[in-house]
Amino acid sequence: MGNIILAEDHKMGELEMRQVYASTMEELIKEGEPVVAMDADLMRAIGLLPYQNKYPDNILDCGIAEANMMGVAAGLSAEGFIPFSHSFGVFSSRRSMDQIFMSGAYAKLNVKVVGSDPGVCAGLNGGTHQAFEDVAVMRCIPEMTIIEPTDAVMVRDLTIQAAKTYGMFYIRMNRGKAETIYEEGSSFEIGKAVTLREGRDATIIAAGREVIEAVCAAELLEKEDIHVRVLDMFTLKPIDREAVITAAKETGVIVTAENHNIIGGLGSAVAEVLSENCPVPMGRVGVQDEFGEVGPADWLKERFRLTADDIAKKVRIVIERKG
């Protein structure tokens with residue numbers, strides 16, 4: 001079981017998530033773990049550049065050749081290393097799909113795939129770099145574990161767990177700072193959602209950057225005497241079926257919120273669980289089957305209707321269906 005310490009306020013974290021990821025790589029290397037942090041010419045972007053000369057045998061730049069990098073990662077895993085291969089979410093998933101599937105997953109190897117700045121987090125890099133489909137791509141790979149850290153505290157804990165758990169992982173991670181949801185010292189159980197707020201009228205199930213929006217939406221709705229449960233579903237596969245079913249039975253309404261296409265991601269995973277176990281009125285907040293655009297992340301969040309106001313509006317609509 002995890003040891004969850006919820007933050008009293010949700011101020012912006014002091015460290016960027018990439019800084020924590022990079023320092024955790026160093027921590028694992030110092031501990032003697034056979035970790036190899038691999039990159040596709042994005043070491044500065046993910047925070048690894050200051051460590052490259054210090055650990056030349058453990059930090060490798062494979063150049064702008066993600067599919068090749070995944071093949072190298074598979075070879076390293078076969079030799080007993082623990083490779084963490086990183087690129088933008090679009091290139092870590094779509095561009096490398098065949099190598100991840102065949103060389104990694106099908107061969108039952110131990111490769112950790114890191115896809116950074118997914119969805120609107122890619123901001124000014126535009127639609128070519130905004131991964132709105134990476135979870136859908138990775139969900140269809142058998143035995144793939146998919147995790148999306150919510151804040152910097154979770155990045156460290158989940159990265160360590162991924163390193164020490166044999167198997168294929170996709171780590172979907174924002175590079176920049178995030179609002180603090182958890183206090184230092186928190187630990188998490190992969191595959192188990194975290195309840196951030198209790199509520200009886202509806203449940204919001206969120207992941208990644210949408211978790212803070214879900215919390216804010218619940219606070220808005222509380223002023224209207226609508227009491228909403230909020231779940232942080234940081235493990236997208238295997239999804240916490242028990243938490244979803246319990247929330248459906250106890251609150252009667254489910255709304256999902258994700259920085260991803262509503263097709264194939266968190267919303268689809270939750271809908272699958274509900275349809276087979278406990279059908280209740282449900283709504284999905286996410287990208288409405290569109291391509292990305294160029295713009296600041298905050299503008300994109302409004303453009304694709306991913307804000308707390310959008311989530312609150314969806315909850316009100318679905319509650320009306322509940323009657």
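Residues numbered from 1 in each chain as written. Predicted model: local features only at pLDDT ≥ 70, side-chain atom pairs only at ≥ 80, totals over all residues. Heavy atoms only, no water.

### Things to note about the overall build of the protein
Stated formally: Each helix corresponds to a stretch of at least 4 residues labelled H or I by DSSP, and each strand to a stretch of at least 2 residues labelled E; elements are numbered beginning at the N terminus. With the radius of gyration taken over C-alpha atoms, the globule rule is written as 2.2 Å times the number of residues to the power 0.38. Only protein chains enter the area calculation, which uses a 1.4 Å probe; residues under 20% of their type maximum are buried, those over 50% are exposed, and those in between are partly exposed. Note on contacts: a residue pair is in contact if any heavy atoms of the two residues lie within 4.5 Å.
Along the backbone of the protein there are 13 helices and 12 strands. Against the globule reference of 20 Å for 323 residues, the protein gives a C-alpha radius of gyration of 19 Å, in line with a compact fold. Counting only C-alpha atoms and orienting by the principal axes, one finds that the protein spans roughly 60 × 40 × 40 Å. Within the protein, buried positions represent 59% of all 323 residues. Put simply, of all contacts in the protein between residues at least 6 apart along the chain, 80% involve residues at least 24 apart.

### What to know about the sheet that holds strand β9 (residues 228-232)
Defined as follows: The rule for pairing is simple: two strands pair if DSSP sees at least two bridges between them. Throughout, an axis means a line fitted to C-alpha atoms (over the contacting stretch in the case of helices), and angles, computed between N-to-C directions, take values from 0 to 180 degrees.
Strand order in the open sheet formed by 5 strands is β7-β9-β8-β11-β12, with mixed pairing between adjacent strands. With partners counted over all chains shown, the strands left at the sheet margins are β7 (194-197) and β12 (282-287), one partner each. Each neighbouring strand pair of the sheet contributes to a mean axis angle of 25°, computed without reference to strand direction. Pairing of strand β11 (residues 254-261) with β12, which is carried by 5 bridges, proceeds in the parallel orientation. By the bridge assignment for β12, I254 is matched with M282.

### Here we look at the sheet that holds strand β5 (residues 145-147)
Spatially, the 7 strands line up as an open sheet ordered β2-β1-β3-β4-β6-β5-β10, and their pairing is mixed. Of all the strands in the sheet, the pair left with one neighbour each is β2 (59-61) and β10 (235-237). Strand-to-strand twist across the sheet, computed as the mean angle between neighbouring axes with direction ignored, equals 20°. One ladder, built from 3 bridges, connects β5 with strand β6 (residues 169-173); its direction is parallel. When the bridges of β6 are listed, I146 appears paired with Y170.

### Some words on empty space enclosed by the protein
Stated formally: A pocket here means an open set of points on a 1 Å grid, computed over the protein atoms alone, that has protein on both sides within 12 Å along at least five of seven lines. A cavity is instead a set of points where a 1.4 Å probe fits but cannot get out; residues with an atom within 4 Å of a point line either one. Grid points are joined across faces, edges and corners, and a volume is the space filled by probe spheres set on the points. The residue classification treats Ala, Val, Leu, Ile, Met, Phe, Trp, Tyr, Cys and Pro as nonpolar and Asp, Glu, Lys and Arg as charged. All others, Gly included, are polar.
Scanning the model with the defined rule gives 2 cavities of 30 Å³ or more in all. Reported here for the largest cavity is a volume of approximately 40 Å³. For the lining of the largest cavity, the per-class residue count stands at 4 nonpolar, 2 polar and 3 charged. Roughly 30 Å³ of volume is contained in the second largest cavity. Looking at the second largest cavity, the residues that line it are M70, A74, Q99, I100, G104, V111, V113 and M168. Listing elements by their share of the lining of the second largest cavity, those giving two or more residues are α4 (66-78) and α6 (97-105). The element best represented in the lining of the second largest cavity is α6, accounting for 3 residues. Split into classes, the residues belonging to the lining of the second largest cavity amount to 6 nonpolar, 2 polar and no charged.

### Regarding the pattern of salt bridges
As a reminder of what qualifies: Definition used for salt bridges: Asp or Glu carboxyl oxygen within 4 Å of a side-chain nitrogen of Lys or Arg.
As enumerated under the stated definition, the model contains 23 salt bridges in all. The residue R94 makes a salt bridge to E133 at a minimum N-O spacing of 3.0 Å. With R94 in the loop between α5 (89-93) and α6 and E133 in the loop between β4 (112-116) and α7 (134-139), this residue pair connects regions lying 39 residues apart in the sequence. Here R197 ties to E222 by a salt bridge, and the two come within 3.0 Å at their closest N and O atoms. Of this pair, R197 sits in strand β7 while E222 is found in helix α9 (residues 210-222), placing the two residues 25 residues apart along the sequence. Because the salt bridges share partners, they merge into one network encompassing R209, E210, E213 and K301.

### Thoughts on α6
Which entries qualify depends on this criterion: To obtain the arc, one takes the directions from the helix axis to the C-beta atoms.
Listing the buried residues of α6 in full gives I100, G104 and A105. The buried side chains of α6 occupy one side of the element, clustering within an arc of 70° when seen end-on. Looking at the buried side of α6, the elements it contacts are α4, α5, β4 and α7.

### Here we look at the packing of helix α10 (residues 241-251) against helix α11 (residues 266-277)
How we decide: Here the word oblique covers every angle except those under 35 degrees (roughly parallel), over 145 (roughly antiparallel) and from 65 to 115 (roughly perpendicular). If you view the pair so one helix is near and one far, a crossing is left-handed when the near helix is turned anticlockwise from the far one by less than a right angle, and right-handed when it is turned clockwise.
The geometry of α10 relative to α11 is characterised by a closest axis approach of 10 Å and an angle of 60° between their N-to-C directions. Between α10 and α11, the angle falls in the class oblique. For the pair α10 and α11, the sense of crossing is right-handed. Where α10 abuts α11, its residues R241, V244, I245 and A248 lie against V270, V273, L274, E276 and N277. A class-by-class count of the residues in the contact of α10 with α11 yields 6 nonpolar, 1 polar and 2 charged.

### Some words on unusual backbone geometry
Across the junction of K237 and P238, the peptide omega takes the value -5°, indicating a cis bond. One non-glycine residue with positive phi stands out, namely K108, at about 60°. You can see K108 is positioned in the loop between α6 and β4. When its relative accessible area of 48% is taken as the criterion, K108 is described as partly exposed.

By themselves, these figures tell us nothing about what the structure is for.
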